[in-house]
Amino acid sequence: MIIETVMTSLNNKNELNFSAIGVQFIKDKLVFYPYKNTITAENILATKRGVVNIVDRSYYLVLAALSEASFAVKETALGNYYLKDCCNYYEFQLSAISDLGEKYKINAKITAQNNISNFIGFNRADNLLLEAAVIASRIGITKKVKDLKNYLAENREIIFKTGDHKSKESYLFLKEYLQRQEE
Ligand SMILES: Cc1cc2nc3c(=O)[nH]c(=O)nc-3n(C[C@H](O)[C@H](O)[C@H](O)COP(=O)(O)O)c2cc1C
């Protein structure tokens, strides 16, 4: 099973980066597949460590995937950073890396973990926005601009009905993202 997470990683200058990454949890190990052209891949190759943040708001995944996001964080004893608003976080150390062409396969070992807050529960707006972020991040790979346009139009009503102000903010961010792609 793949869990969609926010990954925080550092470069050699201690500059923090956020991205959305799908992660498989296998006992105390993690497997994930960053594209080679991502800052996340560069950072993990450089520093050999990072943090997987489990979130219950799609807002973080939308912005981490599609913008130069900057969220409130806290430092851990190991010198990593986790999202202040996460449910749990897992610090990891790189253990193996394979070259898969466009992507790397990264195997990592969990070195520390912590529970920060309770999962709020399933929310339809959050689920729909997460899927919208996936479509947006795959434009030019497996998706087209019109796929995002249609998806946002089809799901606007239910997102606004079942979400809150953060869902609305994410939706408007995705609409602006779409407009920039259409230019
Ligand atoms: C839910 C979700 C899951 C994603 N999973 C991955 C993934 O597993 N690997 C990957 O390379 N990109 C994935 N992406 C796309 C990255 O988040 C996106 O390319 C991002 O811009 C990379 O950021 P970075 O260059 O700051 O590392 C995902 C996006 C979303 C919305």
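Just so it is clear, the model here is predicted, and its values are computed rather than measured. Numbering of residues starts from 1 in every chain and runs along the sequence as written. It should be noted that, the model being predicted, local features are given only for residues of pLDDT at least 70 and side-chain atom pairs only at 80 or more, the latter also being counted only at that level, while totals for whole chains, interfaces and linings use all residues. Heavy atoms throughout the structure, all of them, feed into the side-chain values; hydrogens and water do not.

Asks: Looking at this model, I keep getting lost on empty space enclosed by the protein. Mind explaining?
Replies: Remark: the empty space left among the atoms is shown by a probe the size of a water molecule rolled over them. A pocket, in this scheme, is an open set of points on a 1 Å grid over the protein atoms alone with protein on both sides within 12 Å along at least 5 of 7 lines, while a cavity is a set where a 1.4 Å probe fits but cannot get out; residues line either one if an atom lies within 4 Å of a point. Grid points are joined across faces, edges and corners, and a volume is the space filled by probe spheres set on the points. Summed over all chains, the structure comprises one cavity of 30 Å³ or more. Within this model, the largest cavity holds a volume of roughly 40 Å³. Lining the largest cavity are T8, S9, L10, L16, T47, R49, G50, V51, N80 and Y81. Helix numbering and strand numbering both begin at the N terminus, where a helix is a DSSP run of H or I of at least 4 residues and a strand a DSSP run of E of at least 2. When contributions to the lining of the largest cavity are tallied by element, the ones reaching two or more residues are β1 (2-10) and β4 (49-54). The residue inventory of the lining of the largest cavity, partitioned by class, reads four nonpolar, five polar and one charged. Gly falls in the polar group here, along with every residue not listed as nonpolar (Ala, Val, Leu, Ile, Met, Phe, Trp, Tyr, Cys, Pro) or charged (Asp, Glu, Lys, Arg).

Asks: Is there a simple way to explain the UniProt feature "domain: DUF447" (unreviewed entry) in the protein in this structure?
Replies: UniProt positions are given in the numbering used here, feature names are shortened, and annotations may be inferred rather than shown by experiment. The sites that carry the UniProt feature "domain: DUF447" (unreviewed entry) are, in the present numbering, residues 4-112 and 123-171. For residues 4-112, the helix share is 17%, the strand share is 50%, and the end-to-end C-alpha distance is 19 Å. When the span residues 123-171 is considered, its composition is 80% helix and 0% strand, and the gap between its end C-alpha atoms is 14 Å.

Asks: Honestly, the side chain of T47 in this entry has me stumped. Any pointers?
Replies: Looking at the secondary structure, you find T47 in helix α1 (residues 39-47). Only protein chains enter the accessibility calculation, which uses a 1.4 Å probe. A residue is then buried if its area is under 20% of the maximum for its type, exposed if over 50%, and partly exposed in between. For T47, a relative accessible area of 15% translates into the label buried. By the criterion applied in these results, polar contacts are pairs of N or O atoms within 3.5 Å in which, for protein atoms, one can donate a hydrogen and the other can accept it, and in which residues neighboring in sequence qualify only through two side-chain atoms. Only 3.4 Å separates the side chain of T47 from the backbone oxygen of L10, close enough to count as a polar contact.

Asks: How should I be thinking about the site of the ligand in this particular structure?
Replies: One heavy atom suffices: a residue is near a molecule or strand as soon as one of its heavy atoms comes within 4 Å of it. As a matter of local geometry, the ligand sits amid 18 residues, with A20, Y33, Y35, I39 and T40 nearest to it. Between Y33 and the ligand, the recorded distance is 2.9 Å, taken from a backbone N or O atom to a nitrogen atom. A distance of 2.5 Å is found between an oxygen atom of the ligand and a side-chain nitrogen or oxygen belonging to T40. Note on areas: these come from Shrake-Rupley sampling with a 1.4 Å probe, and a residue is covered only by the protein chains present in the view. In isolation the ligand has 640 Å² of accessible area, and contact with the protein removes 82% of it.

Asks: It is not clear to me how the nonpolar core should be interpreted in this structure. Could you clarify?
Replies: Nonpolar side chains in soluble globular proteins tend to end up buried together. Ranked by internal contacts, the top residues of the largest apolar core, which has 35 residues, are V6, F71, L83, L148 and L174. Listed by contribution, the elements that provide at least two residues to this core are α2 (58-66), β6 (81-83), α3 (124-137), α4 (145-162) and α5 (165-182). Boundaries of every domain are those given by an automatic assignment or by a domain database. Both domain 1 (2-115) and domain 2 (124-182) contribute no fewer than three residues apiece to this core. Residues are treated as being in contact if the distance between any of their heavy atoms lies within 4.5 Å. Ignoring any residue separated from it by four or fewer positions in sequence, one finds L174 in contact with V62, L66, L129, A132, A133, A136, L148 and L152. We define the nonpolar core as a collection of buried residues of types Ala, Val, Leu, Ile, Met, Phe, Trp, Tyr and Cys that are connected through side-chain atoms lying within 4.5 Å of one another.

Asks: In this structure, what is going on with the pattern of salt bridges? I would like to understand it.
Replies: Working definition: two side chains of opposite charge can pair if their charged atoms are close together. Salt-bridge detection follows one rule: a side-chain nitrogen of Lys or Arg within 4 Å of a carboxyl oxygen of Asp or Glu. This model, assessed by the stated rule, comprises six salt bridges. Salt-bridge contacts for K29 lead to D28; the nearest nitrogen and oxygen are separated by 3.4 Å. The partly exposed category is assigned to D28, whose relative accessible area is 33%. Ionic pairing is found between D99 and K36, a salt bridge with its closest N-O pair at 2.7 Å.

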